[in-house]
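Report on the structure
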Amino acid sequence: MAAIDELNSEHQVIEQMLRVLRVLAHRLRLNAAVLPGHVDSMLEFFEVFVDQCHHGKEEEHLFPALEAVGVRNQGGPLEALAGEHRRGRELVAEMRAAVARRATDPVGGGLAFAAAAEEYQALMLFHMDKESGMLFAAADIRLSKETDRDLSAAFARLERERIGDGVHQRLHAAFDQLRTLYLG
């Protein structure tokens, strides 16, 4: 399914940025120098690409399509996955607050950032593993080719209307730069 392939492809990019996060969090924990623009770019990636774009596609389009073919939401896997999305948002907000705290408390801010970053990374890796192993497999089995086409169109519309022209490309460029700088 093209829609599921797109989400899986996004998971691969997110996994790479989580590796960058691990490196930056380690540096901040040690109170080592990190360019603020790098942290801001990474957090914007998590806020816009991961949450608004990727999670938006899932929550607004994939989850309802799966619920329509019998996948349980309330008390089921869709509700649990949406709860993990919410927790991810909270952790990114904690990382943002820790970055601001570093201005007056570099050590405490760095430690707070690292703690939130470690929880976010663990959560997201666990979450994406569940989606790829369970949810996306269910979508491949239960959703029709027509639904796949509808989802792909809805995903493109979401990116265009909510994210805007050029933002996706700018975030990918920032990702490529950070990946090269911190992962080699």
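Attention here is on the structure that accompanies the text.

The rules behind these values
Residues numbered from 1 in each chain as written. Predicted model: local features only at pLDDT ≥ 70, side-chain atom pairs only at ≥ 80, totals over all residues. Heavy atoms only, no water. Helix = DSSP H or I, 4+ residues; strand = E, 2+ residues; numbered from the N terminus. Salt bridge = Lys/Arg side-chain N within 4 Å of Asp/Glu carboxyl O. Buried < 20%, exposed > 50% of the residue type's maximum accessible area, 1.4 Å probe, protein only. Axes fitted to C-alpha atoms, helices over the stretch in contact; angles between N-to-C directions. Parallel < 35°, antiparallel > 145°, perpendicular 65-115°, else oblique. Left-handed = near helix turned anticlockwise from the far one by under 90°. Contact = heavy atoms within 4.5 Å. Nonpolar A, V, L, I, M, F, W, Y, C, P; charged D, E, K, R; others polar. Polar contact = N/O pair within 3.5 Å; in protein donor to acceptor, adjacent residues only side chain to side chain.

Here the focus is unusual backbone geometry. Its identity is not glycine, yet Asn 31 carries a phi of approximately 60°, on the positive side. Positionally, Asn 31 belongs in the loop between helix H1 (2-29) and helix H2 (36-68).

Applying the stated criterion across every chain yields a total of 16 salt bridges. One salt bridge connects Lys 57 with Glu 6, and the closest N-O pair in it is separated by 2.5 Å. Of this pair, Lys 57 sits in helix H2 while Glu 6 sits in helix H1, and the two are 51 residues apart along the sequence. For Lys 57, a relative accessible area of 0% translates into the label buried. Given a relative accessible area of 26%, Glu 6 falls into the partly exposed group. Because the salt bridges share partners, they merge into one network encompassing Glu 6, Glu 10, Lys 57 and Glu 159.

Let us look at the packing of H2 against helix H6 (residues 167-183). Running from N to C, H2 and H6 cross one another at 135°; their axes reach a closest spacing of 10 Å. Of the possible angle classes, the one that applies to H2 and H6 is oblique. Every pair of crossing elements has a handedness; the one defined by H2 and H6 is left-handed. Where H2 approaches H6, its residues His 38, Ser 41, Met 42, Glu 44, Phe 45, Val 48, Phe 49 and Cys 53 are matched on the opposing element by Val 167, His 168, Arg 170, Leu 171, His 172, Ala 174, Phe 175, Leu 178, Leu 181 and Tyr 182. By residue class, the composition of the contact of H2 with H6 is 12 nonpolar, 4 polar and 2 charged.

Next up on the list: the packing of H1 against helix H4 (residues 106-142). H4 packs onto H1 with a crossing angle of 165° between their chain directions and a minimal axis gap of 9 Å. As summarised for this structure, H1 and H4 are arranged roughly antiparallel, according to the angle between their axes. Here the hand of the crossing between H1 and H4 comes out left-handed. The class makeup of the residues in the contact of H1 with H4 is 18 nonpolar, 5 polar and 7 charged.

With respect to the helices and strands, Asn 73 occurs in the loop between H2 and helix H3 (77-101). The spatial distance from the C-alpha of Asn 73 to the C-alpha of Ala 98 is 34 Å, given a sequence separation of 25 residues. Leaving out residues up to four positions away in the same chain, Asn 73 has contacts with Glu 67, Leu 78 and Glu 79. Reaching out from Asn 73, the side chain makes a polar contact with the backbone nitrogen of Glu 79 at a distance of 3.3 Å.

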